[in-house]
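# Working through the structure, step by step
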Amino acid sequence: MVTAVEDDKVKVHVHTKTPEQVLSYAHRFGEFLTLKIENMSVQHSEKSPCVELFTGNGGGEFAVVAVAHDTVMRDLFLNMGADAVLAGEGNLQPSTKDFLKAFESTGAKRIFVFPNSKNSNLSALQAGGFYADGEVTVFDTNSVAQCYAALSM
């Protein structure tokens, strides 16, 4: 389970075989604004395209990991100094495992992450919590434009 607080809302991402029990429990604490339920068993068994990891600079005390959804932004982020870029086509979002692999590829003790979408934010936060070889800071970037602005500074 991963949770995030945004203003007066709590976002919750849960993997469970019994979503009805989670919903029943959570409903005691307030109303739902949006819900999304997916059968992960079906999703896992279907062949889906992968998110690829591209590495750039690397080897420093600090590292930047970014998410790009096309080759133009991937190349731009690498040229702007990103140490690792997770890239997939279209709306493909990196998993927690993808982020962990990116963190490990940097070799850095301090990692700054730009997920660049709300869906990637939760995976990045979860991966940051699991990563034991360094400190991970996840910035709440919801678009590549925000990452571009940060990297240009």
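Each remark here, short or long, concerns the structure printed above.
Residues numbered from 1 in each chain as written. Predicted model: local features only at pLDDT ≥ 70, side-chain atom pairs only at ≥ 80, totals over all residues. Heavy atoms only, no water.

A few words now on the overall build of the protein. For the protein, the helix and strand inventory stands at six helices and seven strands. Counting across all 153 residues of the protein, residues that qualify as buried make up 31%. Residue pairs at least 24 apart in sequence account for 65% of intrachain contacts in the protein once pairs closer than 6 positions are excluded. A total of about 9900 Å² of accessible surface is found on the protein, and carbon and sulfur atoms cover 53% of it. (Helix = DSSP H or I, 4+ residues; strand = E, 2+ residues; numbered from the N terminus. Buried < 20%, exposed > 50% of the residue type's maximum accessible area, 1.4 Å probe, protein only. Contact = heavy atoms within 4.5 Å. Areas by Shrake-Rupley, 256 points an atom, 1.4 Å probe, with all protein chains shown as cover.)

Attention now goes to helix H4 (residues 96-106). Turning to H4, its buried residues are Thr96, Asp98, Phe99, Ala102, Phe103 and Thr106. All buried residues of H4 fall inside an arc of 160° around its axis, so they share one side. H4 presents Lys97, Lys101 and Glu104 as exposed residues on the side facing more than 90 degrees away from its buried surface. Phi turns positive one or two residues past the end of H4, at Gly107, with a value near 70°. (Arc of directions from axis to C-beta.)

Taken together, the side chains of Met1, Val5, Val10, Val12, Val14 and Val22 present a nonpolar region at the surface, about 570 Å² in accessible area. Examined against the element boundaries, Met1 turns out to sit in the segment before strand S1 (2-6). (Patch = residues over 30% accessible without salt bridge, like charges linked within 9 Å, V, L, I, M, F, W, Y side chains within 5 Å. Salt bridge = Lys/Arg side-chain N within 4 Å of Asp/Glu carboxyl O.)

Close contact between H4 and helix H5 (residues 118-130) brings their axes to 8 Å; oriented N to C, the two are set at 55°. With respect to H5, the element H4 is oriented oblique. The two elements H4 and H5 meet at a crossing, and its hand is right-handed. In contact with Thr96, Phe99, Leu100 and Phe103 of H4, H5 contributes Ser120, Ser123, Ala124, Gln126, Ala127, Gly128 and Phe130. Residue composition of the contact of H4 with H5, by class: six nonpolar, five polar and no charged. (Axes fitted to C-alpha atoms, helices over the stretch in contact; angles between N-to-C directions. Parallel < 35°, antiparallel > 145°, perpendicular 65-115°, else oblique. Left-handed = near helix turned anticlockwise from the far one by under 90°. Nonpolar A, V, L, I, M, F, W, Y, C, P; charged D, E, K, R; others polar.)

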